[in-house]
Amino acid sequence: MSMDLSQPVISSGDNSTSAYDLERIRADFPILKQEVYGKPLVYLDNGASAQKPRQVIDAMSDVFENYYSNVHRGVHWTSQRSTEAFEAAREKVQVFINAASVNEVIFTRGATESINLVAATWGRKNLKAGDEVILSHMEHHSNIVPWQLLRDEIGIELKIAPIDKGGNFLLDAFEALLSDKTKLVAVTHVSNALGTVVPVADVIRLAHEKGALVLLDGCQAVPHAVVDVQALDVDFYVFSGHKLYGPTGIGVLWGREDLLNAMPPYQGGGDMISSVTFEKTTFMKTPHRFEAGTPAIAEAIGLGVAVDYVSGIGLENISAHEQGILQYATEKLSAIKGLTIIGTAKEKASIISFSVDGIHPHDIGTFVDRAGVAVRVGHHCAQPVMEFYGVAATARASFGLYNTRDEVDVLADALEQTKEFFA
Ligand code: 7TS
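One structure accompanies this document, and this report is about it. (Residues numbered from 1 in each chain as written. Predicted model: local features only at pLDDT ≥ 70, side-chain atom pairs only at ≥ 80, totals over all residues. Heavy atoms only, no water.)

1. Notes on the overall build of the protein chain
Link 1 in the chain: Of regular secondary structure, the protein chain possesses 14 helices and 17 strands.
Link 2 in the chain: Taking 22 Å as the expected radius of gyration for a compact globule of 423 residues, we find that the protein chain reaches 22 Å, a close match to that expectation.
Link 3 in the chain: Looking at the protein chain as a whole, 56% of its 423 residues qualify as buried.
Link 4 in the chain: Just so you have it, the protein chain exposes about 16900 Å², and 51% of that area is on carbon and sulfur atoms. (Helix = DSSP H or I, 4+ residues; strand = E, 2+ residues; numbered from the N terminus. Rg over C-alpha atoms; globule rule 2.2 N^0.38 Å. Buried < 20%, exposed > 50% of the residue type's maximum accessible area, 1.4 Å probe, protein only. Areas by Shrake-Rupley, 256 points an atom, 1.4 Å probe, with all protein chains shown as cover.)

2. As for the side chain of Lys348
Link 1 in the chain: Mapped onto the elements of the fold, Lys348 is located in the loop between strand E13 (339-342) and strand E14 (351-356).
Link 2 in the chain: Polar contacts involving the side chain of Lys348 include one to the main-chain carbonyl oxygen of Gly343, which spans 2.8 Å.
Link 3 in the chain: A distance of 3.1 Å separates a polar atom in the side chain of Lys348 from the backbone oxygen of Ile351. (Polar contact = N/O pair within 3.5 Å; in protein donor to acceptor, adjacent residues only side chain to side chain.)

3. Topic: the pairing of strand E10 (residues 251-255)
Side chains on a regular strand alternate between the two faces of the sheet.
Link 1 in the chain: For E10, the buried fraction is high: 5 of the 5 residues fall into the buried class.
Link 2 in the chain: Residues Gly251, Leu253 and Gly255 of E10 are buried on one face, and the alternating residues Val252 and Trp254, pointing to the opposite face, are buried as well.
Link 3 in the chain: Pairing of strand E4 (residues 105-108) with E10, which is carried by 4 bridges, proceeds in the antiparallel orientation. Along E10, the bridge assignment pairs Ile106 with Leu253. (Pairing = 2+ DSSP bridges.)

4. Things to note about the side chain of Ser142
Link 1 in the chain: Position of Ser142 relative to the elements: it lies in the loop between strand E5 (132-136) and helix H5 (145-154).
Link 2 in the chain: What Ser142 contacts, discounting residues up to four positions off in sequence, is Thr112 and Ile115. (Contact = heavy atoms within 4.5 Å.)

5. Looking at the pattern of salt bridges
Link 1 in the chain: One pass over the structure, following the stated rule, counts 21 salt bridges.
Link 2 in the chain: Taking the shortest distance from any N to any O, the salt bridge between Arg54 and Asp58 comes out at 3.6 Å. With Arg54 and Asp58 both in helix H2 (residues 54-67) and 4 residues apart, the pair spans about one turn of that helix.
Link 3 in the chain: In this structure, the salt-bridge partner of Asp235 is Arg256, at a minimum N-O distance of 2.3 Å. (Salt bridge = Lys/Arg side-chain N within 4 Å of Asp/Glu carboxyl O.)

6. Things to note about the sheet that holds strand E7 (residues 182-188)
Link 1 in the chain: If you walk across this open sheet you meet the 7 strands as E4-E10-E9-E8-E7-E5-E6, and the pairing is mixed. Strands with a single pairing partner mark the edges of an open sheet, and in this sheet they are E4 and strand E6 (157-161). On average, each strand axis in the sheet is inclined to that of its neighbour by 20°, with strand direction left out of account.
Link 2 in the chain: Across 5 bridges, the pairing between strand E9 (residues 236-240) and E10 is antiparallel. Pairing of Phe236 across the sheet is with Gly255, part of E10. (Axes fitted to C-alpha atoms, helices over the stretch in contact; angles between N-to-C directions.)

7. Examining the nonpolar core
Link 1 in the chain: Grouped together as the largest cluster of nonpolar side chains are 79 residues, with contacts concentrated most on Tyr237 and Leu401.
Link 2 in the chain: Here the element with the most residues in this core is helix H10 (residues 297-313); it accounts for 11 residues.
Link 3 in the chain: Among the domains, domain 1 (22-52 + 315-422) and domain 2 (57-311) are the pair contributing at least three residues each to this core.
Link 4 in the chain: Those residues in contact with Tyr237 that sit more than four places away from it in its chain are His189, Leu216, Gly218, Ala221, Val222, Val227, Val229, Leu232, Val252, Leu253 and Trp254. (Core = buried A, V, L, I, M, F, W, Y, C linked by side-chain atoms within 4.5 Å. Domains from an automatic or database assignment.)

8. Comments concerning the packing of aromatic side chains
Link 1 in the chain: Inspection of every chain in the model, using the stated rule, returns 13 aromatic pairs.
Link 2 in the chain: Ring pairing ties together the aromatic residues Phe29, Tyr245, Tyr309 and Tyr402, which thus form one cluster.
Link 3 in the chain: Residue placement shows Arg81 over the ring face of Tyr67; its charged tip is 4.1 Å from the ring centre.
Link 4 in the chain: Lys165 extends its terminal NZ or CZ atom over the ring of Phe388, reaching a point 4.6 Å from the ring centre. (Phe/Tyr/Trp six-rings, centres within 6.5 Å; stacked < 30°, edge-to-face > 60°. Lys NZ or Arg CZ within 6 Å of the ring centre and 35° of its normal.)

9. Observations regarding the sheet that holds strand E17 (residues 394-398)
Link 1 in the chain: One open sheet holds the 4 strands; their spatial order is E13-E14-E17-E16, and the pairing between them is antiparallel. The sheet is open, and its two borders are formed by E13 and strand E16 (376-378), each paired with just one other strand. Between one strand axis and the next, the sheet turns through 30° on average, direction left out of account.
Link 2 in the chain: By the bridge criterion, 3 bridges tie E16 to E17 in an arrangement that is antiparallel. Within the sheet, the bridge partner assigned to Gly378 lies in E17 and is Thr394.
Link 3 in the chain: The strands touched by helix H12 (residues 361-369) within the sheet are E14, E16 and E17, with E16 carrying the most contacts at an inclination of about 160°.

10. Examining the site of the ligand
Link 1 in the chain: Surveying the vicinity of the ligand reveals 16 residues, the closest of which are Thr112, Asp217, Ser240, Lys243 and Arg376.
Link 2 in the chain: In the model, a nitrogen atom of the ligand is placed 2.5 Å from a nitrogen or oxygen of the Asp217 side chain.
Link 3 in the chain: Ser240 is positioned such that a nitrogen or oxygen atom in its side chain is 2.6 Å from an oxygen atom of the ligand.
Link 4 in the chain: Within the complex, 87% of the 490 Å² of free accessible area of the ligand lies under protein.
Link 5 in the chain: The two domains that each donate at least three residues to the shell around the ligand are domain 1 (22-52 + 315-422) and domain 2 (57-311). (Near = heavy atom within 4 Å.)

Note that every value here comes from positions in space, so none of it alone points to a role or purpose.
What follows is the structure, given as structure tokens:
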């Protein structure tokens, strides 16, 4: 069973992982053989950044060892080879998210830069004082602050779509916020702090009925399920490479080609112009218009290999595996007395935020670390949703394609020991 992120209703998962060769997958990730404090590393911080398979590491070494050069400008062999590999990575991303054209795939430093790019270019050009942008209550700061900067600059209004105590996105309340003033809905596809899957198909349909565009923050969606930007009928989609088992320093802004070509450039510099005189510069079309300067070459190539890697396993299979882990971990952690799971939405990706009575999340994180378990503690760059739950921080286990039920058991045992220590 797979988690179809294009639909509001998502399966609760399948416990069978028989078709899923977990041992072979784990063997692809060198870091998983690492021991910390003499214990096997149990890496449950995939929401912050995922580990890299050998295939990605080797591909990036191969670039530097065998054909590295700057792209789009050399007639020599290494530059042509690098350019071909760089552009092939763009095509892989196009296929991965089913973009209509390769020109719609813009390489950025990551989701944060992608959102800032849309706010600074599309936003500045198309929004004016009084126009409304709708966000949700569970956005990552990177999908809040760029819009606040724009608000402070040009006077747009920000409206916040609410959630309920379980962390469910409230579609009716969202619909009630929509008006003729709504120009953009910028929401997360999957919440990094709660794991909630937002019913994006409905969000997009309702927003479009009002003539508003939709930007989805897909950081926590693309590693977990098939994303098809055409089936979604979305207008902008952003994600980071490093949460998708690829390198840091590379991410994607996808947008509809007509929208992108109507947007002014983000940064000016080399590689994005058609011609330059001191009087006037003309710009290339998308994607180069938005890729000023030397890009992250080996990183883009690495991202392409990461896309190959997850596609080779199959996002449907990854989703089924992770939903099984999510279900198992939810049961296992719920059985711990005093532990509260924060975020119990009907549809979730494999992310569990939690608190334990009387123990500060940072103490939880530090204590389980000694058992080799890496979890994230803090506000997860989503302070408004922490405030909604009346907590400053949570502990968070976020599971990836290589995590096992045994690792869930190690986490649960470590949490029991933490409780005993602090009792
Ligand atoms: N949007 C979401 C939903 C995210 O989870 C993150 C990073 C970002 C945007 C920003 O991505 P970046 O690659 O540009 O930094 N989330 C997390 C996290 O949950 N823990 O550390 C980073």
